[in-house]
Structure formats: C-alpha cells, structure tokens
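Below are the chains, spelled out letter by letter.
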Amino acid sequence: MIDLSSRLETIYGPGAEVQSARYRSALDVFRERYGPGLVHTFRAPGRVNLIGEHTDYNHGYVLPVALDRDVLLLARPRSDGQVHLANMESGDFPQRQFAVSDTIPSAPAGDWSNYARGPAQELTRLLGTPVAGFDGLVSAAPPFGVPRGAGVSSSSALTVAMAVAFAHFAGWQWDGAEMARLCSDAEWYVGTRGGIMDQFIALLAQRGHALFLDCRPDRNGDFRTRPIPLPAGYRLLVMDSGVRHANTRNEFNQRVAACRAGVALLRREVPGITHLRDVENLDWATLESHLPEDASVASLRAAGVELGDLPNVPEDAPLRVRACCRHVWTENHRVLAAVDALDRGEIPRVGELLDDAHTSAREEYRISTPELDVLTNAARQVDGVAGARLTGAGWGGCVISLVPDGQVDEFMGYVSRTYMAQTGREATIFPCQAGPGAGLVVSV
Ligand code: GLA
C-alpha cells in the first residue's frame, strides 16, 4: 500500500496532511460513481507569472511559478473508446461523455468537456491511433483547487491534467516541450489563441522555483528553460481581486491581432521576421514609427495586412498596434533584467521591474482594471515590498508581490483593509508555495 501522506508531502511540502482528506474523499466519490477497483490520481497546478505578460505568443520570455493549488483528475481506463466525465462541483460542471477520435466534435463554447476533448483529439493525432478513454472525476474546488477565472490558469491546469491522464493510459512517455505544445494546441481547440507559458509551467514546475522560459522554439522544436530559485527572505503573495472578466477571450484575441499586425507591418522594414521577438535587439524608437497608433481589422486588411485565424475579433475592433507592440518589446527586456537581478540577489531591482511591468500592462496593453490598480498601489505602501503587478492575461484576476518574510501579516492586513475601503470588495490573499509540475500522484 502506497503511503499517500508521504507522497503528498513531496508535492505540497510540510502541512500536506490537509490534502489527505481531499484526496480520500475524491476517491470515495469516484468509487461510488464508477465502482470499486484501481484508481489513478493525476494532478496539474495553476500558476502565477512573476513577469513577462503577453510575451509568450510573441516568442518572448516569461517567468511563471506554479501554485500548490491544483486540479485533481481521478481516472480509470475504459476499453470502449468513451470518455465519461464527472466533477466534484457537479452543479457548475454537469457530467459529460464523448467518444475518442482524431476529429472530436467540440461541445458548445464554455462546455468544460472541451478541455478533455482537445487533448484527446491532439494526442490521438500525434500517436496516430485513438487513445484510450476513461472514467474521470475532477476535484478542483476551493480552497485547494485552482481559483477559476482568476487569471491563474485553471483551464490550462484542467487541460494538462487531462492530457497527462490520456498520455499515461496510452503509454506515451512525454517530454516537456512536446507535451506543452500538445496542450497548447488543445487549448486552441477551445478558441483562445494563447501561448505556451501556462502549459509549460503546469508540466515542468519545480518546488520553490520560478521557470524562466524562452518561448521561441529552436530548430528541433525544443525550448530553453531554467529553474530560478525564488528569493530567500521573501514570500510571493497572490492577491485575488475577485473581479472576473466575462469576455476575456475576445479582448485577448484582439491583443494577439495587434501584435500580428505589428509583425506584418514591420516585416516590410525588416524582411523575414515572424514574431515580435525578432525585433527585440533593434532600436524600438525607429521601429515604432512604422506602426499605427490605432487600426481595425478592416482597415489593416484594406492596407494588405493579413492577421490569420483569430476567432471573435470583430472587423471594427480597435487595435492599438503601436502601444501593444511597445509593451511586448519592453516587457521582454524586463524579463531578462529580472532574471539577472534574481541571479544577483538584487530583489529591490526585481521590484522596480515588476512595477514597470504593471505600468506597461496598464498603459500600453490596457489589461488592468481599477481594482488591480488599487491592489498594486496598496501593496507598494508596505515597507520592504519588492514590486506589485497584475499577473496572467489581465482584465481582473490577481496581483502578485514579493513581500519580506517579516512583513507578511502586516501586508495581508493592510492590503485587505485598503482594498475593502477603496472598492467595497474583499481580496483573497494567499502565499504562492511554488509547487511541482503535473503528473500521476498515486494509483490505489
Ligand atoms: C494567458 C495565456 C498565456 C499568456 C498569458 C498572458 O494566461 O494562456 O499563454 O499569453 O495569458 O501573459
């Protein structure tokens, strides 16, 4: 009999016993629903991003950190090619069923089974043979689950947990880059044109570390990664604003469109470029004069600029091409500077870069909200705090901050009070424990 407690301690660290009850009750529910027998439990974590926002789909740099909040998927393979899904939060996520193939019809937008359909289809295509289906039960409820819609990648965690389970039952030994790409393709299936940051960190995270990731694949399709220890003497605190943006996918894809427009226009000046990353070492002041402040899909198309496949971007959507591209250009430089400062232990410098990144996200990329600005401003008032910035896609969700160990209690109290006083809302503040990447936890 595997000792679940010691296994959980290797994942969650000291204090892991509180997880035991969560795992055991999910196992009970699974057996009640699907019958007795062996059950495999997989997990995949959510993440925050220290710095490097909206750079990944531009082949830039990111520095994410996995949370110890995760999605659990309990599963048992089936032999009839069907996937049966249930969720501990059955009110929000009703049971679902679909057949595995290389062309799985998607469920209506917003249906949670799409996060399993995508990986099943992509892995089937990759392996050239239908992967085995399974009976599955998801456990991702608060307080241990990845907060949903909070910009900490709950959907990628769900996708990755599904993909890891399909891979396990198919006997596919995945490596990081190929699996991350597969999961990213699986999310394109859902309709978001995101990058690969969330999938990479969910797969390759190491305890106590951020992951520097260069999102430009090399000739072999591999990616450069480096685990970076989180700074000693500080806690990485996550402040959830409680604000959830309803229409993020459209806004997100509009930003992607602005970046693609920038590349297409700059290609006229710098032939051969494919991503904003390619102009990273050129003088931005010269480049930006070639980019319009404002444009629309229709006006760009009329000027011969093709933006490619972008669902939900209306013809007249306002694209702030110059400002968006400027954000990406400067943000990439900030990530490299932050990694350098972390290597040198210059944490106040890291803090300055986080603050600058927030300003750029707010002014240039326009992805902040008044609530996120209140949180960043409040966080910076506490003595010794090294920076505060929104994390994730934006339009709500969370802010992060590096807080000296001795200031954590004061920080939590001050930020909560200030946030309540200025917005009438409650902030949920919790430390990021920097957990490990996804995988099989236990088979019992
Ligand atoms: C979302 C996407 C990521 C990344 C971030 C912004 O989380 O899924 O790929 O683009 O937004 O940095």
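A brief report on the enclosed structure follows.

1. Re the nonpolar core
Ranked by size, the top nonpolar core spans 81 residues in total, and within it Val48, Leu63, Phe134, Met162, Phe166 and Met179 carry the most contacts. Per-element tally for this core: the top contributor is helix H4 (residues 154-170), with eleven residues. Counting 56 residues, the second largest nonpolar core, distinct from the first, contains Leu287, Leu319, Cys324 and Val399.

2. As for the packing of helix H11 (residues 347-363) against helix H12 (residues 370-380)
At a minimum axis separation of 12 Å, H11 and H12 run at an interaxial angle of 160°. In terms of their interaxial angle, H11 and H12 are classed as roughly antiparallel. The two elements H11 and H12 meet at a crossing, and its hand is left-handed. Facing H11, whose interface residues are Asp355, His358 and Arg362, H12 presents Asp373, Thr376 and Arg380. Among the residues forming the contact of H11 with H12, the class breakdown is no nonpolar, two polar and four charged.

3. Looking at the packing of aromatic side chains
Note on aromatic pairs: each is described by the distance of the centres and the angle between the planes. Considering all chains together, one arrives at ten aromatic pairs under this definition. Here Phe93 and Trp112 contribute two aromatic rings whose centre-to-centre distance is 5.7 Å and whose plane-to-plane angle is 70°, an arrangement assigned as edge-to-face. Highlighted residues: Phe93 in the loop between strand E4 (82-87) and strand E5 (96-99) and Trp112 in the loop between E5 and helix H3 (114-127), separated in sequence by 19 residues. Exposure class is identical for Phe93 and Trp112. Each is buried. Every member of this aromatic cluster is reached through a ring pair, and the members are Phe42, Phe134, Phe166 and Phe169. Arg33 extends its terminal NZ or CZ atom over the ring of Tyr34, reaching a point 6.0 Å from the ring centre. One Lys or Arg, Arg69, reaches over the ring of Phe430 and ends 3.9 Å from the middle of that ring.

4. Considering the side chain of Glu288
Within the secondary structure, Glu288 is located in helix H8 (residues 284-288). By relative accessible area, Glu288 is classed as buried at 16%. A distance of 2.6 Å separates the side chain of Glu288 from the side chain of Trp284, its partner in a polar contact. For Glu288, the residues in contact, after removing those within four places along its chain, are Arg322 and Arg326.

5. A word on the site of the ligand
Lining the immediate surroundings of the ligand are Arg47, Glu53, His54, Asp56, Tyr57, Gly194, Gly195, Met197, Asp198, Phe252 and Ala393. His54 places a polar main-chain atom, nitrogen or oxygen, 2.7 Å from an oxygen atom of the ligand. Asp56 is positioned such that a nitrogen or oxygen atom in its side chain is 2.5 Å from an oxygen atom of the ligand. When the ligand is considered free in solution it has 300 Å² of accessible area, and contact with the protein chains removes 91% of it. Judged by its atoms lying within 2 Å of the grid points, the ligand is housed in the largest pocket. Split into classes, the residues belonging to the shell around the ligand amount to four nonpolar, three polar and four charged.

6. Topic: the layout of surface pockets
The computed volume of the largest pocket comes to approximately 1200 Å³. For the largest pocket, the lining is made up of 50 residues, of which Tyr115, Gly149, Ser154, Ser155 and Thr248 are closest to its centre. Within the residue set of the lining of the largest pocket, elements represented by two or more residues are H4, helix H5 (176-190), helix H6 (197-204) and helix H7 (248-266). Of the residues belonging to the lining of the largest pocket, the class tally is 20 nonpolar, 21 polar and nine charged. There is about 420 Å³ of room inside the second largest pocket.

7. Observations regarding the pattern of salt bridges
A full pass over the atoms with the stated rule returns 26 salt bridges. Here Glu331 makes a salt bridge to Arg334, at a shortest N to O gap of 2.8 Å. Here the residue Glu331 and the residue Arg334 both occupy positions in helix H10 (residues 321-344), the gap between them amounting to three residues, near one helical turn. Residue Glu331 shares its accessibility class with Arg334, and that shared class is buried. The network of salt bridges with shared partners includes Arg22, Arg43 and Asp70.

8. Quick notes on the sheet that holds strand E7 (residues 209-214)
On the basis of which strands lie adjacent, the open sheet formed by three strands has the order E2-E7-E8 and antiparallel pairing. Either end of the sheet is taken by a strand with one partner, and the two such strands are strand E2 (61-62) and strand E8 (224-229). The sheet contact formed by E7 and E8 spans six bridges and is antiparallel. Bridged to Asp214 within E8 is Arg224. Contacts from H10 reach E2, E7 and E8 within the one sheet, and its direction differs from that of E8 by about 45°.

Basis of the calculations
Residues numbered from 1 in each chain as written. Predicted model: local features only at pLDDT ≥ 70, side-chain atom pairs only at ≥ 80, totals over all residues. Heavy atoms only, no water. Core = buried A, V, L, I, M, F, W, Y, C linked by side-chain atoms within 4.5 Å. Buried < 20%, exposed > 50% of the residue type's maximum accessible area, 1.4 Å probe, protein only. Helix = DSSP H or I, 4+ residues; strand = E, 2+ residues; numbered from the N terminus. Axes fitted to C-alpha atoms, helices over the stretch in contact; angles between N-to-C directions. Parallel < 35°, antiparallel > 145°, perpendicular 65-115°, else oblique. Left-handed = near helix turned anticlockwise from the far one by under 90°. Contact = heavy atoms within 4.5 Å. Nonpolar A, V, L, I, M, F, W, Y, C, P; charged D, E, K, R; others polar. Phe/Tyr/Trp six-rings, centres within 6.5 Å; stacked < 30°, edge-to-face > 60°. Lys NZ or Arg CZ within 6 Å of the ring centre and 35° of its normal. Polar contact = N/O pair within 3.5 Å; in protein donor to acceptor, adjacent residues only side chain to side chain. Near = heavy atom within 4 Å. Areas by Shrake-Rupley, 256 points an atom, 1.4 Å probe, with all protein chains shown as cover. 1 Å grid on protein atoms, 1.4 Å probe; cavity = no way out; pocket = protein on both sides within 12 Å on 5 of 7 lines; lining within 4 Å. Sits in = over half its atoms within 2 Å of the grid points. Points joined across faces, edges and corners; volume = space filled by probe spheres on them. Salt bridge = Lys/Arg side-chain N within 4 Å of Asp/Glu carboxyl O. Pairing = 2+ DSSP bridges.

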